[in-house]
Amino acid sequence: MALFLAILGFAAAFLAGLALYDVLQRRHAILHNFPILGHFRYLLESVGPELRQYIVTDNDEERPFSRDQRRWVYASSKMENNYFGFGTDNDLELEANYLIIKHSAFPLTTPRKGEPGFDPAYRVPCAKIIGAHRGRAKAFRPESMVNVSGMSFGSLGKAAIEALNRGSNIAGALHNTGEGGVSQYHLHGADLVLQVGTGYFACRDESGNFSMEKLEETVAGCPAIKAIEIKLSQGAKAGIGGLLPRAKITPEIAKARGVPLDRDCVSPAAHREFQDADSLLDFVERIAERTGLPVGIKSAVGETAFWRDLARLISSTGRAVDFITIDGGEGGTGAGPLVYADHVALPFKIGFSRVYREFVARDVHQKVVFGGSGKLGFPEEALFACALGCDIINVAREAMLAIGCIQAQRCHTGHCPTGIATHNSWLMGGLDPTLKSARLANYIVTLRHEMVRLSHTCGVAHPGLITTEHFTIIDPQFHSSSIEEVFQYGDRLARPSPEDRRRITELMHAPAAENR
C-alpha cells in the first residue's frame, strides 16, 4: 500500500510539474493552452505517417492544406529540415492538371553561404514599381514579392496581428491590415497596405459613411502605410460582406475600426461610394490625389463584364488603379456560409487568367501591378502564379500556419486552440509574438529562397521572369498541355516589360543593400 501511495504521489508530482512547465513555456501554444493534454497531440503527430499509411489518409488527401503542405510550412518556419525522402508520393502520371516545371539544360547557380552574391534574406523585389504608371507621389517598388495578405484585427487576435507585423518587418514584407483598420498591434515596424472595405473602417464618419478627412487623418498618423487597397470582395465569401458580433468587439477593436461598442459591426455586401468601374476609377483617383499613395483593388472573380469595362476605361481615359489583387475562391481566412466557400467565386488560376486576358487585350497589363492570393504560399504555386502574370504573391493561411495554426478549422467559433483567431486571453497567452514572428519571417524567407532557386533551375534570375513556357500541365491520359492552350493566353506572354526585366535583373545581381 505504501509503495502504491508513493508511486501515486510521484505521478501526481510529475504531472503537476509537467503542467506548470507547459503553462510557463512559450514555444508551443497548444501546450500552454492545454497543459498535459497537448502532449498527446504531438505524440499522435509524431506517429501520424505510420497511422495514415495503414489506417487513415495519405499525405495529400487532407484539405484545405495537405499534411505535406503543412509539414513543409512548419519545418520552414522553424528552420528545420524541410526535405522529403524516398521520392514523391504523388502519382505524376494519373493526377489531373498536374503541374510540371520545365527545368533548363543550363540552369543558373544559386549562391550558397560564404559564396559571392549570397543573401541570407533572399530578398526578391517586385519587378514593377507600384504607382509608376500614374506618377503617384509615393510610388514604390515592394522589397519583397511575397507579402502577408489582409487579415483584420477582430478576425484575428492582438497577439497574432503583432506576430504577423513583427515577422513581416523582419522579412521585409508588406503587411496588409485587412479591412479592420490600423491598430497598435500593426505598428511594430512593417510597412502596411491599408485595406478599405465596404464598412470604411478607419476612414468613416459617425454615420458609417466614407470620410476622406478621416482617411487622410489615418494616413498622416501612420507613416508605415505605403499603399491603399480597396476591397471589393474576397474568395472565402464573395458578395455577402461580413459581420463582427457585438460580443466580440473589444474597446481596442472599436477604436481601430471607429465603431461603437454597443452593436454588431457590419460590412455591407457592396460599396456605397461607387457603383461601376467608371465611378470606381474616380474614387481611386480622388484618394490617390489626396494621399499621394498608390491605390489598388482586391477582388474575387465572378462575372467578367466588370473587368472588361475596367480594362477598357484604363486604356481610354488615363485613369487607372495602381494594382489589382485577385483572390481565388479557394481563399479562406474569412469564415462564411458553406455554399459561398464551396461554390461562389472562381478558383485563382481560372479567375486570374480571365482578368489578365482582358488587360492584355487592351494592352494595359504592364501599367498595373498584379497580385494574387488563394493557397499560393508554396513554391510551385507561387511560381505558377508568376507565369500567369502575377507580380506579387500574398499569403494568409500559410502565414497563420507559420505562427502556429494547426488547421483545427475553429476560426469562426472564437475558440482557436492556438490563440490566433480568438480574443480569449488564456488562448492568446499561448502565442508569443516574438517567437512566432521569427517563424513567420523564416517561412517567408524560405518561400522566397525556393522561388529563386526554381527560377534559377529554369535559367532565369528572378521569378518575375518566369513565363508560360516554363510550365506544362499533364493529365491522366498521358497528355500534356501548355499554359497558352489551357488558359487561352495566345502569343502575348505574361512577363514584365523589357525595361522592368532589365532593371530586375540588375537588382538580383546587385549587393543586398541596393535592393532596398
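Cut-off values and rules
- Residues numbered from 1 in each chain as written.
- Predicted model: local features only at pLDDT ≥ 70, side-chain atom pairs only at ≥ 80, totals over all residues.
- Heavy atoms only, no water.
- Helix = DSSP H or I, 4+ residues; strand = E, 2+ residues; numbered from the N terminus.
- Rg over C-alpha atoms; globule rule 2.2 N^0.38 Å.
- Buried < 20%, exposed > 50% of the residue type's maximum accessible area, 1.4 Å probe, protein only.
- Contact = heavy atoms within 4.5 Å.
- Core = buried A, V, L, I, M, F, W, Y, C linked by side-chain atoms within 4.5 Å.
- Expected span 1.5 Å × (residues − 1).
- Arc of directions from axis to C-beta.
- Phe/Tyr/Trp six-rings, centres within 6.5 Å; stacked < 30°, edge-to-face > 60°.
- Pairing = 2+ DSSP bridges.
- Axes fitted to C-alpha atoms, helices over the stretch in contact; angles between N-to-C directions.
- Salt bridge = Lys/Arg side-chain N within 4 Å of Asp/Glu carboxyl O.
- Patch = residues over 30% accessible without salt bridge, like charges linked within 9 Å, V, L, I, M, F, W, Y side chains within 5 Å.
- Areas by Shrake-Rupley, 256 points an atom, 1.4 Å probe, with all protein chains shown as cover.
- Parallel < 35°, antiparallel > 145°, perpendicular 65-115°, else oblique.
- Left-handed = near helix turned anticlockwise from the far one by under 90°.
- Nonpolar A, V, L, I, M, F, W, Y, C, P; charged D, E, K, R; others polar.
- Disulfide = S-S within 2.5 Å.

(A) The overall build of the protein chain, seen in detail. When helices and strands are counted, the protein chain shows 18 helices and 13 strands. Here the C-alpha radius of gyration of the protein chain, 24 Å, is about what a compact globule of 516 residues would show, namely 24 Å. When the 516 residues of the protein chain are sorted by exposure, 53% land in the buried category. The long-range share in the protein chain, meaning contacts at least 24 apart out of those at least 6 apart in sequence, stands at 70%.

(B) How the structure looks around the nonpolar core. Counting 120 residues, the largest nonpolar core has Trp-307, Leu-310, Ile-324 and Phe-359 as its most contacted members. With eight residues, the top contributor of residues to this core is helix α16 (residues 433-457). With sequence-adjacent residues up to four places away left out, Phe-359 is seen in contact with Trp-307, Leu-310, Ala-311, Ile-314, Ile-324, Val-364, His-365, Val-368 and Phe-370. Judged by nonpolar contacts, the second largest core, of nine residues, contains Val-193, Ala-227, Phe-323 and Ile-392.

(C) Representation of helix α10 (residues 305-317) in the model. Here α10 is 13 residues long and its end C-alpha atoms lie 18 Å apart, about the 18 Å a rise of 1.5 Å per residue gives. Buried within α10 are the following residues: Phe-306, Trp-307, Leu-310, Ala-311, Leu-313 and Ile-314. In a view along the axis of α10, the buried residues occupy a sector of 165°, so they form one face of it. Those residues of α10 hidden inside the fold are in contact with α9 (277-291), β8 (295-299), β9 (323-327) and α12 (348-361). Once α10 ends, the next one or two residues include Gly-318, with phi positive near 85°.

(D) Inspection of the packing of aromatic side chains at higher detail. In total, this model carries 17 aromatic pairs according to the counting rule given. The interplanar angle of 90° and the centroid separation of 5.9 Å between the aromatic rings of Phe-118 and Tyr-122 together place this pair among those described as edge-to-face. Phe-118 gets classed as partly exposed once you look at its relative accessible area, which sits at 26%. Geometrically, the ring pair formed by Phe-384 and Phe-471 is edge-to-face, given 5.0 Å between the ring centres and 90° between the ring planes. Of this pair, Phe-384 sits in helix α13 (residues 379-388) while Phe-471 sits in strand β12 (residues 471-474), and the two are 87 residues apart along the sequence. Judged by relative accessible area, Phe-384 falls into the buried class, the value being 1%.

(E) The sheet that holds strand β1 (residues 98-101), seen in detail. In space, the three strands of this open sheet follow the order β1-β12-β13, with antiparallel pairing throughout. The sheet terminates laterally at β1 and β13 (480-481), the two strands that pair on one side only. Strand direction decides the pairing type here: β1 and β12, joined by four bridges, are antiparallel. Opposite Leu-99, over in β12, you have Ile-473 as the bridge partner. Sheet contacts for α13: β1 and β12; angle to β12, the most-contacted strand, approximately 110°.

(F) Up close: the side chain of Glu-450. Examined against the element boundaries, Glu-450 turns out to sit in helix α16. If we ignore the near neighbours within four places in the chain, the residues touching Glu-450 are Trp-72, Asn-82 and Pro-379.

(G) The pattern of salt bridges, seen in detail. On inspection of all chains with the given rule, the structure shows 21 salt bridges. Among the ionic pairs, Glu-285 bridges to Arg-134, the shortest N-O distance being 3.0 Å. Taken together, the positions of Glu-285 in helix α9 and Arg-134 in the loop between β1 and β2 (146-148) put the pair 151 residues apart, joining distant regions of the chain. For Arg-134, a relative accessible area of 31% translates into the label partly exposed. Residues Arg-502 and Glu-499 are paired through a salt bridge, measuring 2.5 Å at the closest nitrogen-oxygen approach. Of the two residues, Arg-502 and Glu-499 are both situated in helix α18 (residues 498-509); the distance of three residues between them amounts to about one turn of the helix. Its relative accessible area of 45% is what places Glu-499 among the partly exposed residues. Among the ionic contacts, a cluster of salt bridges with common partners joins Arg-134, Arg-136, Glu-285 and Asp-322.

(H) Seen up close, a nonpolar patch on the surface. On the surface, Met-1, Phe-4, Leu-5 and Leu-8 cluster together into a nonpolar patch covering about 480 Å² of accessible area. Looking at the secondary structure, you find Leu-5 in helix α1 (residues 2-24).

(I) A look at the packing of helix α6 (residues 158-171) against α16. Two elements in contact, α6 and α16, have axes separated by 7 Å at closest approach and are oriented at 45°. Between α6 and α16, the angle is such that the two are oblique. The hand of the α6/α16 crossing is right-handed. Contact residues: Ala-159, Glu-162, Ala-163, Leu-164, Arg-166, Gly-167, Ser-168, Ile-170 and Ala-171 in α6; Pro-433, Lys-436, Ser-437, Ala-438, Leu-440, Ala-441, Ile-444 and Arg-448 in α16. Split into classes, the residues belonging to the contact of α6 with α16 amount to 10 nonpolar, three polar and four charged.

(J) The side chain of Thr-418, seen in detail. Relative to the assigned elements, Thr-418 resides in the loop between α14 (397-402) and α15 (425-428). In this structure Thr-418 comes out as buried when scored by relative accessible area, which is 3%. If sequence neighbours within four positions are ignored, Thr-418 has contacts with Ala-29, Ile-30, Asn-33, Gly-404, Cys-405, Ile-406, Leu-427 and Leu-431.

(K) Highlighting the state of the cysteines. Enumeration according to the criterion identifies zero disulfides in this entry. Distance from the sulfur of Cys-126, which forms no disulfide, to the nearest cysteine sulfur (Cys-386) is 9.5 Å. Accessibility expressed as a relative area gives 0% for Cys-126, which makes it buried. No disulfide involves Cys-405; its sulfur sits 6.2 Å from that of Cys-411, the nearest cysteine.

(L) A look at the environment of Gly-302. The residue Gly-302 is located in the loop between β8 and α10 in this model. In this structure, the C-alpha to C-alpha distance between Gly-302 and Arg-354, residues 52 residues apart in sequence, is 9.9 Å.

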